[in-house]
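Single-letter residue listing:
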Amino acid sequence: MSKIAIIGATGRAGSQLLEEALRRGHSVVAIARNTAKLDVRPGVTVKQVDALDAEALQHAVSGSDVVISAAHFATLPASAVLDPVKKAGVKRLLVVGGAGSLLLPGGGRVIDSEGFPAEYKAEASAGAAFLDALRQEQELDWTFLSPSAEFVEAERTGTFRVGQDDLLVSSEGRSWISFADYAIALIDEVETPKHSRQRFTVGY
């Protein structure tokens, strides 16, 4: 069993990752700026940390086997995560990615497509920049998991497809994944690494 530090443990993705990790018997260091939403329970160590405080984040993740960053890219750039994780001596970093940097069937990225929602542009651009930074990273064993275009609250089915750099679209023409099933895919990667120093994606 692993000790998994989750940055952004109160978010929609982070909270599902916490539940999935506990379900499988891992211990979790739940890191959040506001920990009021986090219950004290077996297997969880709660740490109230502003992730932009590099020294505090380094101490919070120290001793973990794996760090998962589930924070928003627009508020937490790659440098704010990579340096503290490396200084803490943690070798593996998994990142809750975005769909914006995935590739479309005709070529080009989702974020660059006509009609991409303006309100998501800043976050998607920051996510693409984070992935670019990881691809330059020499020390960490990293993985970046992009969800499908729609990242939604829905049931945990345990059934989904795995892809690499191309946006997954269902037979009905929809690109989507639930937070719960996404969490299964990412904790699977923690337990059985198949995408070391790669990005991959999940969808129905």
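Residues numbered from 1 in each chain as written. Predicted model: local features only at pLDDT ≥ 70, side-chain atom pairs only at ≥ 80, totals over all residues. Heavy atoms only, no water.

Going by the annotation in an unreviewed UniProt entry, the name recorded for the chain is NAD(P)-dependent oxidoreductase, with Pseudomonas azadiae given as the source organism.

Draft legend 1. Up close: the overall build of the chain. Within the chain, the secondary structure is distributed over five helices and ten strands. For 204 residues, the compact-globule estimate of 2.2 N^0.38 gives 17 Å, and the C-alpha radius of gyration of the chain, at 16 Å, lies within 12% of that figure. A principal-axis box enclosing the C-alpha atoms of the chain has dimensions of 45 × 35 × 30 Å. Burial status across the chain gives 48% buried among its 204 residues. Taking as baseline every contact in the chain between residues at least 6 positions apart, the subset at least 24 positions apart corresponds to 71%. Here the chain displays about 9,600 Å² of accessible surface, and carbon together with sulfur accounts for 49% of that area. Here the chain contributes 21 positive and 26 negative side-chain charges, whose respective centroids are spaced 3 Å apart. (Helix = DSSP H or I, 4+ residues; strand = E, 2+ residues; numbered from the N terminus. Rg over C-alpha atoms; globule rule 2.2 N^0.38 Å. Buried < 20%, exposed > 50% of the residue type's maximum accessible area, 1.4 Å probe, protein only. Contact = heavy atoms within 4.5 Å. Areas by Shrake-Rupley, 256 points an atom, 1.4 Å probe, with all protein chains shown as cover. Lys, Arg positive; Asp, Glu negative; His and termini not counted. Charge placed at Lys NZ, Arg CZ, Asp CG, Glu CD.)

Draft legend 2. The side chain of Thr35, seen in detail. Its location among the elements puts Thr35 in the loop between β2 (27–32) and β3 (44–48). Classification of Thr35 by relative accessible area gives buried; the value is 14%. Within the structure, Thr35 has its side chain in polar contact with the side chain of Gln48 (distance 2.8 Å). Beyond its immediate sequence surroundings of up to four residues, Thr35 is in contact with Val46, Lys47 and Gln48. (Polar contact = N/O pair within 3.5 Å; in protein donor to acceptor, adjacent residues only side chain to side chain.)

Draft legend 3. Main features of the packing of aromatic side chains. With the rule as written, the count across this model stands at five aromatic pairs. Arranged with centres 4.8 Å apart and planes meeting at 55°, the rings of Phe151 and Tyr182 form a pair that is tilted. Of this pair, Phe151 sits in strand β7 (residues 150–152) while Tyr182 sits in helix α5 (residues 179–191), and the two are 31 residues apart along the sequence. Classification of Tyr182 as buried rests on a relative accessible area of 1%. Ring centres of Trp176 and Tyr204 lie 4.6 Å apart, and the angle between their planes is 65°; on these two criteria the pair is classed as edge-to-face. (Phe/Tyr/Trp six-rings, centres within 6.5 Å; stacked < 30°, edge-to-face > 60°.)

Draft legend 4. Highlighting the sheet that holds strand β5 (residues 92–96). As summarised here, the arrangement of the eight strands in space is β3-β2-β1-β4-β5-β6-β10-β8, forming an open sheet in which the pairing is mixed. One side of each edge strand has no neighbouring strand; the edge strands of this open sheet are β3 and β8 (161–163). Between one strand axis and the next, the sheet turns through 20° on average, direction left out of account. Taken together, the four bridges between strand β4 (residues 66–69) and β5 define a ladder with parallel strand orientation. Looking at β5, one finds that Val66 is bridged to Arg92. Relative to the sheet, helix α2 (residues 54–61) contacts β1 (3–7), β2, β3 and β4, its axis offset from that of β2 by approximately 165°. Set on the sheet, α5 makes contact with β1, β4, β5, β6 (141–146) and β10 (198–203); between it and β5 the angle comes to about 170°. (Pairing = 2+ DSSP bridges. Axes fitted to C-alpha atoms, helices over the stretch in contact; angles between N-to-C directions.)

Draft legend 5. Expanded view of the side chain of His26. You can see His26 is positioned in the loop between α1 (12–23) and β2. A polar atom in the side chain of His26 sits 3.0 Å from the backbone nitrogen of Ser2.

Draft legend 6. The nonpolar core, seen in detail. Formed by 30 residues in total, the largest nonpolar core has its most connected members in Ile6, Leu17, Leu18, Ile68, Val96 and Leu186. Secondary structure elements with two or more residues in this core: β1, α1, β2, β4, β5, α5 and β10. Counting residues per element, this core draws most heavily on α5, which supplies seven residues. What Leu186 contacts, discounting residues up to four positions off in sequence, is Leu17, Ile68, Leu94, Val96 and Leu145. Core analysis: the second largest hydrophobic core is formed by 27 residues, Val49, Leu82, Val85 and Val95 among them. (Core = buried A, V, L, I, M, F, W, Y, C linked by side-chain atoms within 4.5 Å.)

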